[in-house]
Amino acid sequence: SIGNNDSRGALIVLEGLDRCGKTSQSSRLLSYLDSFGHSVELLRFPDRSTNVGQMISAYLSKQSHLNDHTIHLLFSANRWEKRSMMETKLKAGTTLIVDRYSYSGVAYSFAKGIDIEWCKAPEIGLLAPDLVLYLDIPPEKAAERGGYGDERYDHLEFQKKVAQCFQILCDSSWKIIDACQAMEDVEKQLQETALDRVITCQKGKPLSFLWR
Ligand code: TMP
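The name an unreviewed UniProt entry assigns to the chain is Thymidylate kinase, from the organism Melia azedarach.

Enquirer: For this particular structure, what's the right way to read the sheet that holds strand E3 (residues 95–99)?
Expert: Working definition: the strands of a sheet are paired by backbone hydrogen bonds and lie parallel or antiparallel to each other. Taken in spatial order, the five strands make up an open sheet running E2-E3-E1-E4-E5, and their pairing is parallel. Two strands in the sheet have a free side with no partner beyond their single neighbour: strand E2 (40–44) and strand E5 (174–178). The average angle at which neighbouring strand axes cross in this sheet is 20°, direction not considered. For strand E1 (residues 11–16) and E3, the ladder comprises four bridges, and the chain directions are parallel.

Enquirer: Got a minute to help me understand the site of the ligand in this structure?
Expert: Around the ligand lies a shell of 13 residues, among which Asp18, Arg79, Arg100, Gly105 and Tyr108 are the nearest. At a separation of 3.3 Å, an oxygen atom of the ligand approaches a polar backbone atom of Gly105. Considered on its own, the ligand offers 480 Å² of accessible surface; in the complex 93% of this is hidden by protein. Secondary structure elements with two or more residues in the shell around the ligand: helix H3 (68–91) and helix H4 (102–110). The greatest single-element share of the shell around the ligand, amounting to three residues, is contributed by H4.

Enquirer: What am I meant to see in the pattern of salt bridges here?
Expert: When the charged atoms of two side chains lie near each other, side chains of opposite charge can form a pair. Summed over the entire model, instances satisfying the criterion amount to 16 salt bridges. Asp99 is the partner of Lys22 in a salt bridge, and the nearest nitrogen-oxygen pair spans 3.2 Å. Of this pair, Lys22 sits in helix H1 (residues 22–35) while Asp99 sits in strand E3, and the two are 77 residues apart along the sequence. When sorted by exposure, Lys22 lands in the same class as Asp99, which is buried. With its nearest N and O atoms 2.7 Å apart, the salt bridge here joins Glu87 to Lys91. One end of the pair is Glu87 and the other is Lys91, both in helix H3 and four residues apart, which spans about a single turn. A relative accessible area of 52% means that Lys91 is categorised as exposed. Shared partners join several salt bridges into a network, and the residues in it are Arg8, Asp130 and Lys205.

The rules we used
In every chain, residue numbers begin from 1 and rise along the written sequence. Two thresholds apply to this predicted model, a pLDDT of at least 70 for residue-level local features and 80 or more for giving and counting side-chain atom pairs, whereas whole-chain, interface and lining totals are computed over all residues. Each side-chain value is derived from all of the structure's non-hydrogen atoms; neither hydrogens nor water enter the calculation. For two strands to be treated as a pair, DSSP must find at least two bridges joining them. A run of H or I in DSSP counts as a helix once it spans at least four residues, and a run of E counts as a strand once it spans at least two, with each numbered from the N terminus. Angles here are taken between N-to-C directions and fall from 0 to 180 degrees, while the axes themselves are lines fitted to C-alpha atoms, restricted in helices to the stretch in contact. We call a residue near a given molecule or strand whenever any one of its heavy atoms falls within 4 Å of it. Pairs of N or O atoms within 3.5 Å make up the polar contacts considered here, provided that, within protein, one atom can donate a hydrogen while the other can accept it, and that residues adjacent in sequence are counted only when both atoms are side-chain atoms. Every accessible area reported is derived by Shrake-Rupley at a probe size of 1.4 Å, with residue values counting cover from the shown protein chains alone. Salt bridge, as applied in this entry: a Lys or Arg side-chain nitrogen positioned within 4 Å of an Asp or Glu carboxyl oxygen. With a 1.4 Å probe rolled over the protein chains alone, any residue whose accessible area is under 20% of its type maximum counts as buried; one over 50% counts as exposed, and the rest are partly exposed.

Structure (structure tokens):
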């Protein structure tokens, strides 16, 4: 500790389309921050381990059917059930690297045609990220990477709409990273920004809430 009572961990969110490389980059970023001796943990949404998460997982794998508004609220509930744990960890000085968050929540539902303000409403009051790292990849390129599975959203046309919505949500606080670069170059860019933000939060940046 650097002896500041308001010192806390940083909430770092990685966002992007399916196959943009978020998941591998999240664990690389974890090792990097860990190597500096920072307390750091990885989370991902959806968290399929909870009861709500299992309903989401069944929906995504097409084992169950839910209407668009209902699944939207379940994704949001899945974040709400982790909120107090996240706040406790951040206040205890642990940095959280989160693979997808409310931006995915809004983008994927908006892509189905749901009103954007309605999509944002259940996210109000969740912890706001200190940093959003957006791994930018053209939908066609992501599709070429293959490995599109058989999940509900694994379709090029749908991913194009999601990409448009991420563009609407993105503001000047986001760090946009070209995800078509070599993995090592993407990794480097994430590292610099993330470390900088971890240090800012250590110095006592107050927690803030969605949506500013
Ligand atoms: P995953 O592949 O990162 O586990 O995410 C599963 C899918 O769920 C992915 O296509 C994005 C989508 N999604 C939503 O539609 N709403 C959300 O709130 C989140 C977190 C993910």
